[in-house]
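# Observations on the model geometry
These are the residues of each chain, in order.
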Amino acid sequence: MHHLTLAQLNEGLRARRFSSVELTRHFLARIERLNPTLNALITVTGEQALAQAQRADELLSSGEAGALAGLPLIHKDIFCTDGVLTTCGSRMLSNFVAPYDATIVEKLSQAGVVMLGKANMDEFAMGSSNETSWYGPVKNPWDLKKVPGGSSGGSAAAVAARLAPVATATDTGGSIRQPAALTGLTGLKPTYGRVSRYGMIAFASSLDQAGTLTFTAKDAAMVLRDMAGFDARDSTSVDTPVPDYVAELDKPLSGLKIGLLKEFFEGGLEESTAKLIREALQVYERLGAKLIEVSLPNLPLSVPTYYVVAPAECSSNLSRFDGVRFGYRAENPKDLLDLYKRSRGEGFGAEVKRRIMTGTYVLSAGYYDAYYLRAQKVRRLITDDFARAFQQVDVLMGPTSPTPAFDIGAKVDDPITMYLNDIYTIGANLAGLPAMSIPCGTVGGLPVGLQIIGPHFAEAKLLNVAHGYQNETLWHRDIPKGYE
């Protein structure tokens, strides 16, 4: 059953070829057998999952079930889940049991989805390799010596190893697309505001967006259809209609105008990766698409801009973790100041501390104008570059990551090199655009991702473009050896 896509599993459930309880037990058994090696999940919710599966089977029998009823899913451990540990991959929240559900957890639960557990992640979503987690690094099922990408590495490794057919994830600077590329999955980051952030523990509030990791674009369309929508509890949620993403998947791609991002094919991109991207673009040409080179002159400034804006917002968001109301609390503090210092000093890891310190510095008196304000102005220039590009083309394409997965430990002592892993993905977050990564080949047995970026609220077009490619290729069907 783990070979089947979400759409195929849905069909099997409705044809009564298997029950949701049988499906859930199958995946829980795979988690029990494979997770100790991968370290992809922090919490497994077996009893709760079987109870949800039993209810889903009852709905399926009565004919009242929604499109996702009975299908298993893993949530990234950044989403609050009522009565279940929500750690954010941190020591700070290692004892935090959320008293409510995040909106996307609530919506998917109402749709009848079965939650198998909570996925490992970089601490507070800060990382590109899933090595900053308090619970240890996640391993890439394609090669256990390699990283799965981050911060949604646990979600990616779990889906790639077929521990679940879908996992939720978040993307602040590429944390859905980069893990998708490194593990051979379809990763979708919707437009900022398309999916509610309520109940998603904040890293950088103007950049964070929830999305999905799946095998195919069709699977992503099925899940997004129930995840998306306006939420009055989220002040950044956009009140705009949600289309039927599945219904628009099969539109022809003839006449599609694809913008090739000139800046993406310059220094830093490995030639073997570039070759696969060009071969993927040839597939689109055969389908009737037209390739147009596009330049975004301010895009090379996206990394320094991001690493001013994101740490500034993180330093503000993480100030709430002080050892007083919830989370980690230092033992036997001498006074209130000692409680604050030691709780934060002991509760946060090195990467989180680095970003808090950077963010506090750029927001401090005397440096605000020189750094934070200037970064916001450059962010506007990058957004304008994208807007001009979409006057010429329908979507933009290029690599997701400059290289395939790298060795665990290879970049942990060099933060700048680690940050450059997100060089191709950050721009879409700064501009609030929808973007996705789909598998387009392998280099040395490791997956490579093709990135597709669209205008605001163009998720249906992105999914249509990705689906068209997946109808012509088989890369999305590849399974890591040993996980068949």
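Up top you'll find the structure we're talking about.
Cut-offs used in this document
- Residues numbered from 1 in each chain as written.
- Predicted model: local features only at pLDDT ≥ 70, side-chain atom pairs only at ≥ 80, totals over all residues.
- Heavy atoms only, no water.
- Patch = residues over 30% accessible without salt bridge, like charges linked within 9 Å, V, L, I, M, F, W, Y side chains within 5 Å.
- Areas by Shrake-Rupley, 256 points an atom, 1.4 Å probe, with all protein chains shown as cover.
- Salt bridge = Lys/Arg side-chain N within 4 Å of Asp/Glu carboxyl O.
- Helix = DSSP H or I, 4+ residues; strand = E, 2+ residues; numbered from the N terminus.
- Buried < 20%, exposed > 50% of the residue type's maximum accessible area, 1.4 Å probe, protein only.
- Pairing = 2+ DSSP bridges.
- Polar contact = N/O pair within 3.5 Å; in protein donor to acceptor, adjacent residues only side chain to side chain.
- Core = buried A, V, L, I, M, F, W, Y, C linked by side-chain atoms within 4.5 Å.
- Contact = heavy atoms within 4.5 Å.
- Phe/Tyr/Trp six-rings, centres within 6.5 Å; stacked < 30°, edge-to-face > 60°.
- Lys NZ or Arg CZ within 6 Å of the ring centre and 35° of its normal.

## Comments concerning a nonpolar patch on the surface
- On the surface, Val324, Leu336, Leu337 and Tyr340 cluster together into a nonpolar patch covering about 360 Å² of accessible area.
- Relative to the assigned elements, Leu336 resides in helix α10 (residues 336-347).

## Topic: the pairing of strand β11 (residues 446-453)
- Judged by how many residues are buried, β11 sits mostly within the fold: eight of eight residues are covered.
- Side chains of β11 alternate between two faces, with Leu446, Val448, Leu450 and Ile452 and Pro447, Gly449, Gln451 and Ile453 buried alike.
- One ladder, built from eight bridges, connects strand β10 (residues 435-443) with β11; its direction is antiparallel. Directly across from Pro439, in β11, lies its bridge partner Gly449.

## What about the side chain of Thr400?
- With respect to the helices, strands and loops of the structure, Thr400 is situated in the loop between β9 (395-399) and α13 (415-419).
- Side chain to side chain, Thr400 and Ser437 meet in a polar contact 2.9 Å long.

## Some details on the nonpolar core
- Counting 148 residues, the largest nonpolar core has Phe124, Tyr284, Phe386, Ile452 and Leu463 as the members making the most contacts within it.
- At eight residues, the largest contribution of residues to this core is made by helix α9 (residues 302-317).
- Setting aside residues no more than four positions away along its own chain, Tyr284 makes contact with Leu253, Ile258, Ala289, Met397, Ile438, Leu450, Ile452, Val465, Ala466 and Tyr469.
- Formed by five residues, the second largest nonpolar core is a distinct cluster that contains Val147, Leu182, Phe406 and Met418.

## Brief notes about the packing of aromatic side chains
- Counted by the stated rule, this structure contains 15 aromatic pairs.
- Centre to centre, the rings of Tyr100 and Tyr198 are 5.5 Å apart; their planes meet at 45°, and the pair counts as tilted. Residue Tyr100 is located in the loop between β2 (72-76) and α4 (103-110), and its partner Tyr198 is located in the loop between β5 (186-189) and β6 (209-214); the two are separated by 98 residues in the primary sequence.
- An angle of 80° between the planes, with centres 4.8 Å apart, marks the rings of Tyr306 and Tyr307 as edge-to-face. The same class applies to Tyr306 and to Tyr307, which are both buried.
- Through a chain of ring-to-ring contacts, three or more aromatic side chains come together here, namely Phe96, Phe124, Phe321, Phe326 and Phe348.
- Across from the ring centre of Phe406, 4.2 Å away, lies the NZ or CZ of Lys411, which sits over that ring.

Don't take any of this as a statement about function, it's just geometry.
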